[in-house]
Amino acid sequence: MEKCLAPSILSADFGILKQQLEVIDEAGAQYVHFDVMDGVFVPSISFGLPVLKTIRKYTDRMMDVHLMIVDPERYVKDFAEAGADIITVHAEACKHLDATIELIKASGAMAGVAINPATPLSAISHVLEKVDMVLIMTVNPGFGGQSLIPYTLDKVRELSQLLNQKGLKIDIEVDGGINKDTIDDALDAGANIIVAGSAVFNGDISANVEALMEKMR
Ligand code: DX5
Ligand code: ZN
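Please read these numbers as outputs of a predicted model, since none were measured by experiment.

Chemist: Is there a simple way to think about unusual backbone geometry in this case?
Modeler: The phi angle of most residues is negative, glycine excepted, and most peptide bonds adopt the trans form. You will see that D71, though not glycine, has its phi angle at about 45°, which is positive. Along the chain, D71 turns up in the loop between β3 (62-68) and α3 (76-81). Relative accessible area serves as the criterion here: at 18%, D71 is assigned to the buried category.

Right under this line is the structure:
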């Protein structure tokens, strides 16, 4: 599977977001990871539809929308219309995960399903055939800048084997605590879509993107 970097703009400087999008784009990052938090499913509140609509005008990269909100089916259509290319929902946040995945696909976006660190793979095993991407959270969602929880990479390894066995070619994304010291372990475990927030936006953004992308070659 193709390896792609997905900078999480949660750690960007929102006052100069347009310029920072240009920098990650020029440095070669293929995705933009867009974290939506509702203050209920996770403690924080981040940003939502108006911000997505605005930044969609400034980047052609894959817009990777990570919905950390309860009952996300309420907003799937709106996020698709606002420019999401991929919409990822949490298994823990959906009353009817199968129906929500179908709704994402009907909206025209690609469908992703996410699980928190303590959620077992069995929570999503029956929907693997239906999704384009699985997001294995490598931290508890809610904040940037946390440390990767090592056992989550065991789940990445297990998922990678399971997908091979089933002959399914879908992306495995990791999110949380990925930096130049942890990216190799995540890639070795089988992840191919790499989210990085603080490791991209703290310091020299262009150099950070290039350093992470170098590890992905
Ligand atoms: C965490 C978010 C992440 C976050 C990652 O709840 O889903 O996308 O921005 O930040 P870092 O890479 O700093 O751990
Ligand atoms: Zn995220």
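Chemist: For this particular structure, what's the right way to read the nonpolar core?
Modeler: Considering soluble globular proteins, one finds that nonpolar side chains tend to be buried as a cluster. By size, the foremost hydrophobic cluster in this structure holds 67 residues, and its most contacted members are I9, F34, I87, I124 and I194. Setting aside anything within four residues of it in sequence, one finds I9 in contact with F14, L17, L21, V32, H33, F34, F47, I55 and F201.

Chemist: It is not clear to me how helix α5 (residues 151-166) should be interpreted in this structure. Could you clarify?
Modeler: Residues separated by three or four positions in an α-helix point in the same direction, a consequence of the helix having 3.6 residues per turn. With 16 residues, α5 ought to run about 22 Å at 1.5 Å a step, and its terminal C-alpha atoms sit 23 Å apart, in line with that. Regarding α5, the residues found buried are T152, L153, K155, V156, L159, S160 and L163. Mapping the buried residues of α5 onto a view down its axis gives an arc of 145°, with all of them on the same face. In α5, those exposed residues whose orientation departs by more than 90 degrees from the buried face are N164 and Q165. On its buried side, α5 packs onto β5 (110-115), β6 (133-137), β7 (171-175) and α6 (183-189). One or two steps after α5, the chain reaches G167, where phi turns positive at roughly 70°.

Chemist: Can you walk me through the pairing of β7 in this structure?
Modeler: Regular strands place side chains that alternate from one sheet face to the opposite one. For β7, the buried fraction is high: 5 of the 5 residues fall into the buried class. Note that β6 and β7 share 5 bridges and pair parallel. Within β7, the position partnered with I136 by the bridge is V174. With α5 bridging β6 and the parallel β7, this β-α-β connection has right-handed handedness. Where β7 lies against strand β8 (residues 193-196), 2 bridges are found, and the strand directions are parallel. Its bridge partner being in β8, V174 is matched across the sheet by I194. Traced from β7 through α6 to β8, the parallel crossover comes out right-handed.

Chemist: Whenever I open this one, the packing of aromatic side chains confuses me. Can you help?
Modeler: Counted under the stated rule, the structure contains 2 aromatic pairs. Judged by centre distance (5.7 Å) and plane angle (85°), the ring pair of F14 and F47 falls under edge-to-face. On the criterion of sequence distance, the pair formed by F14 in the loop between β1 (4-7) and α1 (17-26) and F47 in the loop between β2 (31-37) and α2 (49-56) is long-range, its members being 33 residues apart. Relative accessible area serves as the criterion here: at 12%, F47 is assigned to the buried category. Considering the side-chain rings of F34 and F47, the 4.7 Å spacing of their centres and the 50° angle between planes classify their relative orientation as tilted. Here F34 is found in strand β2, whereas its partner F47 is found in the loop between β2 and α2, with 13 residues between them in sequence. Taken individually, F34 and F47 each receive the classification buried, so the pair is uniform in this respect. Site record: aromatic cluster; members linked through ring pairs are F14, F34 and F47.

Parameters at a glance
- Position labels on residues start from 1 in each chain and follow its written sequence.
- Chains carry letters and ligands carry numbers; both start at the beginning, A for chains and 1 for ligands, and go up in the order they are written.
- Predicted model: local features are reported for residues with pLDDT of at least 70 only, side-chain atom pairs are reported and counted for 80 or more only, and whole-chain, interface and lining totals are derived from all residues.
- Here the side-chain values reflect all heavy atoms present in the structure, with hydrogen atoms and water set aside.
- A run of H or I in DSSP counts as a helix once it spans at least four residues, and a run of E counts as a strand once it spans at least two, with each numbered from the N terminus.
- Any residue under 20% of the maximum accessible area for its type is buried, any over 50% is exposed, and the rest in between are partly exposed; the area is computed with a 1.4 Å probe on protein chains only.
- We call a set of buried Ala, Val, Leu, Ile, Met, Phe, Trp, Tyr and Cys residues a nonpolar core when their side-chain atoms join them within 4.5 Å.
- Whether two residues touch is decided by their heavy atoms; if any such pair falls within 4.5 Å, the residues are in contact.
- What a helix should span is 1.5 Å times the count of its residues minus one.
- Think of the arc as the fan of directions from the helix axis to the C-beta atoms.
- Any two strands are treated as partners once DSSP identifies two or more bridges connecting them.
- Seen with its strands pointing away from the viewer, a crossover is right-handed when the path leading from the first strand over the helix to the second is clockwise.
- Working definition: rings of Phe, Tyr and Trp (its six-membered ring) pair if their centres are within 6.5 Å, and the pair is stacked with planes under 30 degrees apart, edge-to-face with planes over 60 apart, and tilted otherwise.

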